[in-house]
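# Residue-level structural notes
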Amino acid sequence: MTSPAAAPRRASRRPEWAGRNYTLLTAAAIITNLGSHGALIAAAFAVLQAGGDGGDVGLVAAARTLPLVLFLLIGGAIADRLPRHRVMVAANALNCVSQALFAVVVLSGEPQLWQMMLLTALCGTGQAFFNPAAEGMLMSSVSGEQASRAFALFRMAMHGAAIGGAALGGAMIAAIGPGWVLAVDAAAFAVAGALRAFLDVSHIRPREAGGGLLADLRDGWKEFVARPWLWAIVAQFSVVVAVVGAAESVYGPLVARDELGGAAPWGVALAAFGVGTLGGALLMMRWKPRRLLLAGTLCVFPLAAPSAALAVPLQVEGLAVVMFVSGVAIEVFGVAWMTALHQEIPEDMLSRVSAYDWFGSVAMLPLATALAGPAESLFGRRASLLGCAALVVVVTAAVLCVPDVRNLKRRGATVAAGGPPAPAVAPAPTLSKEAAPQA
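Read on for a plain summary of the structure. (Residues numbered from 1 in each chain as written. Predicted model: local features only at pLDDT ≥ 70, side-chain atom pairs only at ≥ 80, totals over all residues. Heavy atoms only, no water.)

## Description of the overall build of the protein
Each helix and strand in the protein was counted, giving 17 helices and zero strands. Residues classed as buried in the protein amount to 59% of the 439 residues present. Here the protein has roughly 16,200 Å² of accessible surface; of this, 67% comes from carbon and sulfur atoms. (Helix = DSSP H or I, 4+ residues; strand = E, 2+ residues; numbered from the N terminus. Buried < 20%, exposed > 50% of the residue type's maximum accessible area, 1.4 Å probe, protein only. Areas by Shrake-Rupley, 256 points an atom, 1.4 Å probe, with all protein chains shown as cover.)

## Side note on helix α7 (residues 178-196)
Since the α-helix advances by 3.6 residues per turn, residues separated by three or four positions end up pointing in the same direction. The end-to-end C-alpha distance of α7, which contains 19 residues, comes to 27 Å, matching closely the 27 Å that a straight helix rising 1.5 Å per residue would cover. Looking at α7, one finds that the buried residues are Pro178, Gly179, Val181, Leu182, Asp185, Ala186, Ala188, Phe189, Ala192, Gly193 and Arg196. Looking at the buried side of α7, the elements it contacts are α2 (20-49), α4 (84-107), α5 (113-140) and α6 (147-176). (Expected span 1.5 Å × (residues − 1). Contact = heavy atoms within 4.5 Å.)

## Structural notes on the nonpolar core
In this structure, Trp229, Leu230 and Trp337 are the most contacted members of the largest nonpolar core, which totals 114 residues. Broken down by element, the residue count for this core peaks at 20 residues, all from helix α9 (residues 228-260). Ala152, Met284, Ala329 and Val335 belong to the second-largest nonpolar core, a separate cluster that totals nine residues. (Core = buried A, V, L, I, M, F, W, Y, C linked by side-chain atoms within 4.5 Å.)

## Here we look at a nonpolar patch on the surface
Taken together, Leu66, Leu70, Phe71, Ile74 and Leu213 make up a surface patch of nonpolar side chains, about 400 Å² in accessible area. Top contributing element to the nonpolar patch by residue count: helix α3 (residues 54-79), with four residues. Its place among the elements puts Leu66 in helix α3. You can call Leu66 partly exposed: its relative accessible area is 45%. (Patch = residues over 30% accessible without salt bridge, like charges linked within 9 Å, V, L, I, M, F, W, Y side chains within 5 Å. Salt bridge = Lys/Arg side-chain N within 4 Å of Asp/Glu carboxyl O.)

## Remarks on the pattern of salt bridges
Under the counting rule described, the total for this entry stands at five salt bridges. Between Glu331 and Arg155 there is a salt bridge, and its shortest N-O distance comes to 2.5 Å. Residue Glu331 is found in helix α13 (residues 316-344), and its partner Arg155 is found in helix α6; the two are separated by 176 residues along the sequence. Taking relative accessible area as the criterion, Glu331 reaches 0% and is therefore assigned buried. Here Glu376 ties to Arg381 by a salt bridge, and the two come within 2.7 Å at their closest N and O atoms. For the pair formed by Glu376 and Arg381, the shared burial category is buried. Linked through salt bridges whose partners overlap, the residues forming this network are Arg257, Asp258, Glu376 and Arg381.

## Structural notes on α3
Compared with the 38 Å implied by 1.5 Å per residue over 26 residues, the 36 Å span of α3 between its first and last C-alpha is a close match. In α3, a bend of some 50 degrees at Phe71 exceeds every other bend along the element. (Bend = angle between axes of the 7 residues up to and from the residue.)

## Examining the packing of α4 against α7
Viewed as axis vectors pointing N to C, α4 and α7 meet at an angle of 165 degrees, and their least axial separation amounts to 8 Å. Considered as vectors, α4 and α7 are oriented roughly antiparallel to each other. Between α4 and α7 lies a crossing whose hand is left-handed. Counted together, His85, Met88, Val89, Asn92, Asn95, Cys96, Gln99, Ala100, Phe102, Ala103, Val106 and Leu107 of α4 and Pro178, Gly179, Trp180, Leu182, Ala183, Asp185, Ala186, Phe189, Ala190, Ala192, Gly193 and Arg196 of α7 form the full contact between these two elements. Here the contact of α4 with α7 is composed, by residue class, of 16 nonpolar, six polar and two charged. (Axes fitted to C-alpha atoms, helices over the stretch in contact; angles between N-to-C directions. Parallel < 35°, antiparallel > 145°, perpendicular 65-115°, else oblique. Left-handed = near helix turned anticlockwise from the far one by under 90°. Nonpolar A, V, L, I, M, F, W, Y, C, P; charged D, E, K, R; others polar.)

Right under this line is the structure:
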């Protein structure tokens with residue numbers, strides 16, 4: 001029988017900030033990342049195996065992100081009104097069903113483009129409601145000076161799962177086809193949704209009755225535009241996410257097919273990015289830059305490198321190195337960004353501000369992915385990829401001109417007004433400024 005003295009010693013092994021909600025959120029994020037990173041590759045190769053071209057791959061990618069853009073603001077307002085864990089579970093259920101049907105369509109051997117677009121759009125709709133609720137839930141699960149370390153550990157666990165998910169997904173596509181990878185993703189959503197059903201929201205004070213959905217959206221907008229550092233970086237990432245997303249979801253699989261030998265090498269490159277994010281998270285568990293956003297924004301410049309590497313194109317070894325470096329860089333930014341949101345945004349505004357953040361960041365992504373194929377036809381693949389790299393550099397240099405981006409500093413205790421208070425997974429692209437638990 002365990003002695004009473006042994007229980008406190010066992011409990012003390014878990015950090016004080018790693019409570020029940022934090023543990024459940026982390027476990028669910030690991031599970032969904034194992035499935036979703038392979039599924040993103042599987043969706044692209046399902047289109048190609050069905051006889052589609054780069055333009056078709058772009059249309060399917062755009063079908064995922066278009067409903068994400070359309071419903072994000074509504075999702076944010078709802079997540080600040082209803083218990084966030086219920087919104088998350090409902091979104092997981094929708095994603096489970098849509099990915100399961102996608103798998104059935106692909107495994108049937110005769111998938112139609114419109115079917116793949118429709119089912120991918122349903123998955124994007126679930127993500128639109130999930131992301132703001134998930135970020136609000138994650139922010140409210142930690143508090144105090146260790147918030148930055150908690151976010152870094154969360155992201156490290158999630159990206160560690162992404163490493164295995166991308167590599168395993170690429171290998172499974174090569175061995176048994178993309179349909180089974182999509183089926184695994186559906187199962188992952190089911191398990192993650194079950195875990196999220198046990199989240200405790202009793203510590204979040206009930207929201208006061210407001211003037212309706214539009215009033216909630218107006219309040220969130222006022223909170224968003226009142227902070228120049230916030231809207232400036234979101235505007236920057238509207239371009240960064242769009243061009244990196246086009247390079248990664250459209251041009252990457254095409255280069256892999258034509259130049260690298262298929263899905264498996266592209267999976268290795270994405271896994272190298274995951275290893276880089278793991279290294280970046282380890283770094284940010286120890287390093288606490290005083291000027292949060294200055295340090296983070298400087299680390300956005302390396303995100304131009306993968307597009308340039310695909311333009312050459314580098315062989316898989318060189319591409320993996322580039323992806324690793326970009327993974328480290330975006331993770332430094334991601335932890336700094338989440339810490340800034342946690343420090344500056346009131347808890348009762350978290351999901352709405354998060355929704356505007358996600359909305360701005362992904363607003364141009366459907367257009368970019370849809371135009372990636374026509375751009376390749378008009379300018380050539382190499383020129384299109386170099387254009388993606390140049391845009392990342394230009395907009396990142398521009399945002400450094402905003403004084404608040406250069407000067408916002410870490411406070412001694414990162415507790416936001418009104419309680420502990422961030423788009424991200426990135427939505428569809430792996431290279432995103434945030435890493436929310438996948439829907």
